[in-house]
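These are the residues of each chain, in order.
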Amino acid sequence: MSRYQGEAFGRSGHSIAKKSPFRASLTALFTAAAMLLSSTPAVADIEVGQGLKLKPRSKGRADTELVVQPSQTALSQRLSELQQRFGTMVRDVKLVVIDKDWFQKNAVLNGVPPYQYALPPTQAQTVQQLAAEFIRSRSGLSFPPESFQGMEKEMMRTEGMSLKLPYGATEEALLGGQQSICLLYPHYSDWDRDSYYKNLLGLNPSIHGDIAQAHLRDPQSLEFMKRFVDYHEIGHCYDRWNVTALAQSQNAGEFLTTRHKAEVFAEVFANLMLARDGYTEFSQKQADLRLAIAALSGPVKAAMSDPREVSFYMTSVYLLQEGSRNAGAEIERLGLSRLQAMSIEEVLTLTNEITNRSVFDLQDTASAVGYMMYNAYDFTAWEEARLTNPIIQRRYDIAQRLKADMEGAVHRVLDLGNRSQPVLQPASFNFERVTFSSVGATALQARASELARDLQARMGRNLSRDNLIRVYTARKDELRRTLEGTDVPAKEQATIDLSLMMMALRQAYDLLPLTARPAVNDSQRGMPLSLKPAA
């Protein structure tokens, strides 16, 4: 995945917008945020790099002599096996499996206290030297320690992530991207199995009530899920189709679409590699798990995000179920013997073919899923609008199909007994929200359209999405100030308007070209680095 944790498994830095009166309670949201941001991805993240000049070695700085000892923990042994198997399997990628135990042991031996959040400069330089030594020993490539500046914490504790960087002695080699080194941060966590799954699903009693107490149906072992995470991240390392394009994306739509393709590729690769190991009937379970994670954690993530940010649409990026299902069909068609006889290049080509027929159109899907999650599966405001607006009708249909698919997946993943009510409804999420039932769908749609026209009028001649977002934010601040007043009818109308502003934004937003660069931070796109070998 990327550093997005949650979208089943990747890790993403969520931002929490100001609380409006009808959103989730702050206690519940902050509790959910802690769970989502600390949970280990069952499929992790990807970082990609573009060619930039690295900072030169500081004059007068001499590297200190390090004490370096091997690590012989069970984790280190597992990672050593991964390194031997995958390190040079693909011709144009040198894969380096980062061993957290090795780094923590040798950091302590060289005077760096364990588990520090921020290191002073001298200790950070020590970890950079350790990184250069570790990567040299695994890849045969020597890089200046400064190449790893800013990556000290990643080396010490990051998991479920991959960082792919082009390397070369010249700018031409870097820009050509013919050779890459990929730092694989594998699965580390040693939780018990049920806690691991519950964190992946984002289940929280303060949000989901009794659903959070449900038992799992036929879960995989923790060791199996570790292997899946590792294979997913290796898929990112070997992806020569989408990872570089992700770093070069020019706008939010392009970024989301390419990120989605990259995640589908890694998911398909993991399914095929597991099948080669003999696990040929896993794909449907993984499809269900992805859907259930999106279904149960999506509303929480949407409530903590903002439509200005790429993270608001990340739930749609991680809808990878079609990749797993199509991989499963291909595994059944080929049979185990034929699949095991394929070369790694044949597996990668097959992975790319399956990916291309498994991705969603993110232009519509991201909007449909974003709105559905933000409103916790309440479609009231869409019901009338879809009858006269083809765009809303199309996205309404997408959302309804996905909701039905998610509902079935949740029941296959969790044992919910004889529950007669659907899981995916507003009542299943303990959010404080406006009750629309007494207003009526026609009135809601009319008000949303009025708000959309108001946004467009306030934009003036600058008809850009960036300007629309600025106007939208200012309008929301106005409504929040109204809520602090004493005029009761005005406060009631402002409460409803705040809830409808998201739909109003979508109506105005969809009329404008998607040209602005995405609001993407390092935890979503990755550090823009390249590596030049040491002289």
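Residues numbered from 1 in each chain as written. Predicted model: local features only at pLDDT ≥ 70, side-chain atom pairs only at ≥ 80, totals over all residues. Heavy atoms only, no water.

Next up on the list: the packing of aromatic side chains. For any pair of aromatic rings, geometry is given as the distance between the ring centres together with the angle between the planes. Within this structure, the stated rule accounts for 19 aromatic pairs. Pairing F143 with Y167 gives two aromatic rings, centres 6.2 Å apart and planes at 80 degrees, and the pair type is edge-to-face. Of the two residues, F143 is situated in the loop between α4 (121-139) and α5 (152-157) and Y167 in the loop between β3 (161-166) and α6 (171-176); the sequence distance between them amounts to 24 residues. Residue F143 is classed as buried on the basis of its relative accessible area, which comes to 4%. Ring geometry for F312 versus Y374: centroids 5.9 Å apart, planes at 55 degrees, classification tilted. Linking F312 in the loop between α12 (283-304) and α13 (314-317) with Y374 in helix α17 (residues 362-374), this pair joins segments that are 62 residues apart in sequence. Residue class for Y374 comes out buried when judged on its relative accessible area of 10%. By way of ring pairs, the aromatic residues F224, F228, Y279 and F282 are connected into one cluster. (Phe/Tyr/Trp six-rings, centres within 6.5 Å; stacked < 30°, edge-to-face > 60°. Helix = DSSP H or I, 4+ residues; strand = E, 2+ residues; numbered from the N terminus. Buried < 20%, exposed > 50% of the residue type's maximum accessible area, 1.4 Å probe, protein only.)

As a further point, take unusual backbone geometry. Despite not being glycine, D218 shows a phi value in the positive range, around 50 degrees. Residue position: D218 is located in the loop between β5 (215-216) and α9 (222-238). Although it is not a glycine, Y377 adopts a positive phi angle of roughly 70 degrees. With respect to the element layout, Y377 can be found in the loop between α17 and α18 (380-383).

Relative to each other, helix α11 (residues 252-276) and helix α14 (residues 321-334) sit at 35 degrees, their axes nearing to 9 Å. Where α11 crosses over α14, the two elements pack in a sense that is right-handed. Contacts between α11 and α14 involve V264, E267, V268, N271, L272 and A275 from the former and G323, S324, A327 and I331 from the latter. Of the residues that constitute the contact of α11 with α14, the class distribution is 6 nonpolar, 3 polar and 1 charged. (Axes fitted to C-alpha atoms, helices over the stretch in contact; angles between N-to-C directions. Left-handed = near helix turned anticlockwise from the far one by under 90°. Contact = heavy atoms within 4.5 Å. Nonpolar A, V, L, I, M, F, W, Y, C, P; charged D, E, K, R; others polar.)

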